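Descriptive structure summary
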Amino acid sequence: MRIGLTYDLREPYLAAGLTEEETAEFDRPETPAAISEALRGFGHETVTIGSLPALVDALARGERYDLVFNIAEGLRGTARESQVPALLDAYGIPYTFSGPLTLALALHKGYAKRIVRDAGLPTAPFFVVADCELPAPDLLDYPLFVKPAAEGSGMGIGPGSRVDDRASLKERIQALRTRFRSPLLVEHYLPGREFTVGILGSASCARVLGILEIDAKAPGDRAAYGFLAKEEYDTRIDYRPVPVDHEPFVAELALAVHRLLECDDASRVDIRLDGQGRPLFLEINPLAGLHPIRSDLVILASAQGWSYPTLIGAILESALSRTVGHASSRS
Ligand SMILES: Nc1ncnc2c1ncn2[C@@H]1O[C@H](COP(=O)(O)OP(=O)(O)OP(=O)(O)O)[C@@H](O)[C@H]1O
Ligand SMILES: [Mg+2]
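Note that this is a predicted model, so its numbers are computed, not measured. (Residues numbered from 1 in each chain as written. Chains lettered and ligands numbered in written order. Predicted model: local features only at pLDDT ≥ 70, side-chain atom pairs only at ≥ 80, totals over all residues. Heavy atoms only, no water.)

Moving on, we get to the overall build of the chain. Tallying secondary structure elements over the chain gives 13 helices and 12 strands in all. Relative to the 2.2 N^0.38 estimate, which gives 20 Å for 331 residues, the radius of gyration of the chain is 19 Å and therefore close to what a compact globule would have. Oriented by its inertia axes, the alpha-carbon framework of the chain measures out at about 55 × 45 × 40 Å. A total of 331 residues make up the chain; the buried ones form 53% of that total. Across the chain, the fraction of contacts at a sequence separation of at least 24, relative to all contacts at a separation of at least 6, is 69%. Surface accessibility of the chain: about 14,300 Å² in total, with carbon and sulfur atoms responsible for 53%. Side chains of the chain give 34 positive and 45 negative charges; the mean places of these two sets differ by 2 Å. (Helix = DSSP H or I, 4+ residues; strand = E, 2+ residues; numbered from the N terminus. Rg over C-alpha atoms; globule rule 2.2 N^0.38 Å. Buried < 20%, exposed > 50% of the residue type's maximum accessible area, 1.4 Å probe, protein only. Contact = heavy atoms within 4.5 Å. Areas by Shrake-Rupley, 256 points an atom, 1.4 Å probe, with all protein chains shown as cover. Lys, Arg positive; Asp, Glu negative; His and termini not counted. Charge placed at Lys NZ, Arg CZ, Asp CG, Glu CD.)

Shown next as structure tokens:
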């Protein structure tokens, strides 16, 4: 097969003046290189396309692909992850991972939580702040956690994310409003253990790949799992594989959310326990990072004894199993 690769690399954006944090979601060159190598290992021809403008040019030149392996995060707007899949849908070209509706919904944690809550699945009480106005007092009990509603990779998350009173809530909202254009999500602070769950497959074929418990090495490291802690993960974070049957409710919740949001091929679901030890949905990443060493989904797969090519092969196989009737199923 002729497989195109769409992705956003950090370097061009750094060169254009964006900061390390602003480019945190974009990939390092090793990622598309490793995906391409794995796909070639399965006998496919790979074509590196790059980001959305390069895809637009290629399609306009008449280039076509049997499938696009898409990990492009997109640059602008809260539906930025949807742009490449939407264009590929328009051209009837199949691709890996979820479609535009799912990617846009999942990127906005407030919308994703509303759907999850509406389905009766557990997620912490929350509200979305769209401007500088403070929510009515006593809407939710403190402590609360404040984060950008539509960013990823720990952006805007750090020691000040947990707020214990109205004055610090106000201060945090104002600080984040000046840094991020996206709305903010304010939810109950969840004091319990944290897990990230890897899911593979689509719909009824989706299954749990594995669970990782995520813990700060230093007790009381209040930087949470924010941007800096993620960058320095090897010295600050412990990743502990947890057998699925040890945390069946965590596994069940993650799989239910993946299916509810109609995620395709793979996702990574973040879950945290509340004060009573109940697992609550935090957020879902339908375009989970695929860095061959650093990404959680890859760490998770390797804890199951899976090589990187095995993981890429499983994602490809899942995408191919959806390609029959692709145009009609997404039309
Ligand atoms: N309500 C909460 N209570 C306690 N900690 C939280 C809460 N929400 C988020 N966190 C902490 O902040 C981290 C990042 O939050 P979240 O997963 O929502 O953001 P993200 O930037 O989208 O992450 P990712 O890198 O997975 O895309 C979580 O892994 C968790 O450690
Ligand atoms: Mg997360």
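Attention now moves to the domain arrangement of the chain. Along its sequence, the chain is carved into domain 1 (2-97), domain 2 (125-188) and domain 3 (194-321). Each partner contributes residues to the interface: domain 1 has 24 residues there, and domain 3 has 19 residues. When domain 1 packs against domain 3, close to 1,800 Å² is buried across both sides, 74% of that on carbon and sulfur atoms. Its largest share of buried area at the contact with domain 3, domain 1 owes to Arg28, Phe42 and Phe97, together 32% of the area lost on that side. Applying the counting criterion to the domain 1 and domain 3 interface returns zero salt bridges. For the interface between domain 1 and domain 3, the tally reads two residue pairs in polar contact (both at pLDDT 80 or more). Elements supplying a minimum of two residues to the side of domain 1 that touches domain 3: α2 (30-41) and β3 (67-70). Considering each element in turn, the side of domain 1 that touches domain 3 owes the most residues, six residues, to α2. Split into classes, the residues belonging to the side of domain 1 that touches domain 3 amount to 13 nonpolar, four polar and seven charged. (Domains from an automatic or database assignment. Buried area = accessible area lost by both parts, 1.4 Å probe. Salt bridge = Lys/Arg side-chain N within 4 Å of Asp/Glu carboxyl O. Polar contact = N/O pair within 3.5 Å; in protein donor to acceptor, adjacent residues only side chain to side chain. Nonpolar A, V, L, I, M, F, W, Y, C, P; charged D, E, K, R; others polar.)

Quick look at the layout of surface pockets now. Approximately 500 Å³ is the volume attributed to the second largest pocket. Lining the second largest pocket are 19 residues, and of these Glu22, Leu75, Arg80, Glu151 and Arg181 sit closest to its centre. When its residues are assigned to classes, the lining of the second largest pocket shows six nonpolar, five polar and eight charged. Taken domain by domain, the makeup of the lining of the second largest pocket includes at least three residues from each of domain 1 (2-97) and domain 2 (125-188). (1 Å grid on protein atoms, 1.4 Å probe; cavity = no way out; pocket = protein on both sides within 12 Å on 5 of 7 lines; lining within 4 Å. Points joined across faces, edges and corners; volume = space filled by probe spheres on them.)

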